[in-house]
Amino acid sequence: MSDKPRTAGRVLLLGGGNMGGAMARGWAEQGSAGAIHVVDPQPGEALRASIEAGRLTHSTAVPDERFDVVVLAVKPQTMATALPPVRAAVGPQTIVISVAAGTTTKTIADHLGDGVAIVRAMPNTPALIGRGITGCFAGENVSQQVRDLAESLLSACGPVVWVAKEADIDVVTAVSGSGPAYVFLLAETLAAAGEAAGLTPELAMTLARHTVAGAGELMVRSEDAPAVLRRNVTSPNGTTQAALDVLMGEGGLAPLMRRAVEAAKRRAAELSEG
Ligand SMILES: NC(=O)C1=CN([C@@H]2O[C@H](COP(=O)(O)OP(=O)(O)OC[C@H]3O[C@@H](n4cnc5c(N)ncnc54)[C@H](OP(=O)(O)O)[C@@H]3O)[C@@H](O)[C@H]2O)C=CC1
Ligand SMILES: O=C(O)[C@@H]1CCC=N1
């Protein structure tokens, strides 16, 4: 392969559900890919408007042509049936990017060919608004040029980071791939606690949503570590301290989060076994 920079060119997206839809909408809106073709029996809501507006093309089966980039965004459990038709879309220069939790580069290469350049990427759903983060692993046939191209495509969804070991993608999955769900749960439980303490459900949810969103934005924009931002809220012997004594006490959030991340990592490893 030459050193000439490559552009994403024609992109085939297999699976236009929550994650595929979030990425493709970002690419279509930002013009990050030359042309995007989505294969999905029934694309999700995020994509339908882009397809109707002509920003993406769509079919229910894999077209009989080769693509520059193939993005695999179907459930890991459907890979075994979804991958065989993709083989015809993959040529010697095609880059395959898989966002599937647990599906290994070996499994993908078994279906698509040993020489194929495979990048495993783990984005998250804030990609929908360009505010995700993606962790990547480069398989053995991935050149620097391919890596750069994958990174430029994925960076439409937010920052891109790389891990050196394939197994670490399972940890990325457990932290940032699944992570938005933990944060939404935090908002849900904060609202429920506010309601239990006497607020109306609507007011409790408004306070919780804006608190999580504002704290998240402050964390992104501030140069201070989250621990410093936390201490800035915490007056000595004040209300926050009273709450944090519970959340940071024995059996509090830290051991609970550790168990949750371990469980997600374990599940990713199980998925890789099929
Ligand atoms: N959701 C998330 O936050 C994240 C998900 N991922 C990964 O992304 C992948 C997709 O997850 P998610 O988007 O949540 O799942 P979804 O179920 O929302 O999307 C998958 C889509 O693929 C479609 N599909 C099923 N079989 C085929 C096929 N053979 N060819 C083409 N399309 C097909 C499904 O259609 P139908 O519903 O009709 O079966 C569905 O629309 C998973 O591997 C997951 O691990 C990674 C990071 C984050
Ligand atoms: O729950 C899942 O398996 C996928 C992977 C990361 C987020 N959603």
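Keep in mind it's a predicted model, so treat the numbers as computed, not measured. (Residues numbered from 1 in each chain as written. Chains lettered and ligands numbered in written order. Predicted model: local features only at pLDDT ≥ 70, side-chain atom pairs only at ≥ 80, totals over all residues. Heavy atoms only, no water.)

Turning our attention to the overall build of the chain. Looking only at helices and strands, the chain features 11 helices and 8 strands. Classification of the 274 residues of the chain by burial places 41% in the buried group. Counting contacts in the chain only where the partners sit at least 6 residues apart, residues at least 24 apart contribute 63% of the total. For the chain, the accessible surface area stands at approximately 15,100 Å², while carbon and sulfur atoms represent 57% of it. Looking at the chain, you have 23 positive and 27 negative side-chain charges, and the mean spots of the two groups are 1 Å apart. (Helix = DSSP H or I, 4+ residues; strand = E, 2+ residues; numbered from the N terminus. Buried < 20%, exposed > 50% of the residue type's maximum accessible area, 1.4 Å probe, protein only. Contact = heavy atoms within 4.5 Å. Areas by Shrake-Rupley, 256 points an atom, 1.4 Å probe, with all protein chains shown as cover. Lys, Arg positive; Asp, Glu negative; His and termini not counted. Charge placed at Lys NZ, Arg CZ, Asp CG, Glu CD.)

Looking now at the environment of A82. With respect to the element layout, A82 can be found in helix 3 (residues 79-82). Spatially, the C-alpha atoms of A82 and H111 are 9.9 Å apart, while their sequence positions differ by 29 residues. A82 has contacts with L14 and V74, leaving out every residue within four places of it along the chain.

Below, the discussion takes up the side chain of T234. Residue placement: T234 occurs in the loop between helix 9 (226-233) and helix 10 (239-247). Looking at T234, the relative accessible area reads 16%, which means it is buried. In this structure the side chain of T234 is engaged in a polar contact, spanning 2.7 Å, whose partner is the backbone oxygen of R230. Residue contacts for T234: discarding those within four places in its chain leaves T240, Q241 and L244. (Polar contact = N/O pair within 3.5 Å; in protein donor to acceptor, adjacent residues only side chain to side chain.)

Moving on, we get to unusual backbone geometry. Positive phi outside glycine occurs at N237, with the angle close to 60°. Mapped onto the fold, N237 is located in the loop between helix 9 and helix 10.

With that settled, consider the site of ligand 2. If you check the shell around ligand 2, you find A101, T173, G177 and S178 and nothing else. About the coverage of ligand 2: the protein hides 48% of its 240 Å² of free accessible area. Assessed atom by atom at 2 Å from the grid points, ligand 2 resides in the second largest pocket. Tallied by class, the residues present in the shell around ligand 2 amount to 1 nonpolar, 3 polar and no charged. (Near = heavy atom within 4 Å. 1 Å grid on protein atoms, 1.4 Å probe; cavity = no way out; pocket = protein on both sides within 12 Å on 5 of 7 lines; lining within 4 Å. Sits in = over half its atoms within 2 Å of the grid points. Nonpolar A, V, L, I, M, F, W, Y, C, P; charged D, E, K, R; others polar.)

A word on the UniProt feature "binding site: NADP(+)" (unreviewed entry) in the chain. Under the local residue numbering, the UniProt record ascribes the feature "binding site: NADP(+)" (unreviewed entry) to L14, G15, G16, G17, N18, M19, A73, V74, K75 and P76. Of the residues just listed, which span 63 residues, no C-alpha pair is farther apart than 14.1 Å, and they cluster in one region. Checked against the lining of the second largest pocket, the annotated residues reduce to L14, G15, G16, G17, N18, M19, A73, V74, K75 and P76. Assignment of secondary structure puts N18 in helix 1 (residues 18-30). (UniProt positions renumbered as here; feature names shortened; annotations may be inferred.)

The next point concerns the site of ligand 1. Not every one of the 20 residues close to ligand 1 is listed here, only the nearest: N18, M19, D40, V74 and A101. The separation between a nitrogen atom of ligand 1 and a polar main-chain atom of V39 is 3.4 Å. Backbone polar atom of A101 to an oxygen atom of ligand 1: 2.9 Å apart, as the coordinates give it. Protein contact buries 73% of the 880 Å² of open area that ligand 1 shows by itself. Among the cavities detected, the one that contains ligand 1 is the second largest pocket. Grouping the amino acids of the shell around ligand 1 by side-chain chemistry returns 13 nonpolar, 5 polar and 2 charged.

What follows concerns the confidence of the model for the chain. Put simply, the chain has an average pLDDT of 93, and 97% of its residues get 70 or more. Predicted confidence is poor over residues 1-5, with pLDDT under 50, and the contacts of this stretch with residues over four places away or in other chains come to 9 contacts. (pLDDT = per-residue confidence, 0-100.)

Glancing now at the sheet that holds strand 3 (residues 57-59). The pairing of strands in a sheet comes from backbone hydrogen bonds and takes either a parallel or an antiparallel form. The strand order 3-2-1-4-5-6-7-8 describes an open sheet built from 8 strands, whose pairing is mixed. On the outer flanks of this sheet lie strand 3 and strand 8 (160-162), each paired with one strand and no other. Across the sheet, the axes of successive neighbouring strands diverge by a mean angle of 25°, strand direction being ignored. Both strand 7 (residues 134-138) and strand 8 contribute to a ladder of 3 bridges, which runs parallel. Bridge assignment links C136 to a residue of strand 8, and that residue is W162. (Pairing = 2+ DSSP bridges. Axes fitted to C-alpha atoms, helices over the stretch in contact; angles between N-to-C directions.)

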